Amino acid sequence: MNQEKVLSVLLGPIVSEKTTLATANNQYVFKVRTDSNKREISAAVEELFGVTVEAVTTSNVKGKKKIYRGKAGKRVNWKKAVVKVSEGQMIDATAS
């Protein structure tokens with residue numbers, strides 16, 4: 001996998017109460033490109049953060065329908081990945 005592809009797979013960490021509690025189980029949540037697969041996500045996390053990935057779970061999040069000033073619209077669909085790393089390893093997702 002080339003360096004350009006690795007840098008473009010992960011769009012950023014998702015930081016919330018729920019994802020912060022997941023770090024106790026060595027799980028980290030990232031927003032990823034919609035065309036990426038589990039192998040690409042695993043390789044990107046291992047290369048960027050220097051950790052060993054045990055499992056990757058992905059889900060497609062549908063955009064919500066919203067009304068703004070009387071006009072109907074829709075937010076963008078996106079994809080999230082939950083990455084489980086090996087015991088004893090950490091990712092400082094807030095620094096990146």
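Before any of the text, the structure's been laid out above.
Residues numbered from 1 in each chain as written. Predicted model: local features only at pLDDT ≥ 70, side-chain atom pairs only at ≥ 80, totals over all residues. Heavy atoms only, no water.

Student: Quick question: what am I supposed to make of the sheet that holds strand β2 (residues 27-32) here?
Tutor: Strand pairing in a sheet takes place through backbone hydrogen bonds and is either antiparallel or parallel in direction. Pairing is antiparallel across the open sheet formed by 4 strands, whose spatial order is β1-β2-β6-β3. Across the chains shown, the open sheet's two edge strands, defined by having one partner strand only, are β1 (10-13) and β3 (53-61). Averaged over neighbouring strand pairs, the angle between their axes works out to 30 degrees when direction is ignored. Note that β2 and strand β6 (residues 78-85) share 6 bridges and pair antiparallel. Among the inter-strand pairings, V29 is bridged to a residue of β6, identified as V82. Packed on one face of the sheet, helix α3 (residues 38-49) meets β1, β2, β3 and β6 and runs near 125 degrees to β3. (Pairing = 2+ DSSP bridges. Helix = DSSP H or I, 4+ residues; strand = E, 2+ residues; numbered from the N terminus. Axes fitted to C-alpha atoms, helices over the stretch in contact; angles between N-to-C directions. Contact = heavy atoms within 4.5 Å.)

Student: When you look at the packing of aromatic side chains in this model, what are you seeing that I'm missing?
Tutor: Centre-to-centre distance and the angle between the planes together describe a pair of aromatic rings. Enumeration over the complete set of coordinates arrives at 1 aromatic pair. One cation-aromatic arrangement involves K31 over W78; the distance from NZ or CZ to the ring centre is 5.4 Å. (Phe/Tyr/Trp six-rings, centres within 6.5 Å; stacked < 30°, edge-to-face > 60°. Lys NZ or Arg CZ within 6 Å of the ring centre and 35° of its normal.)

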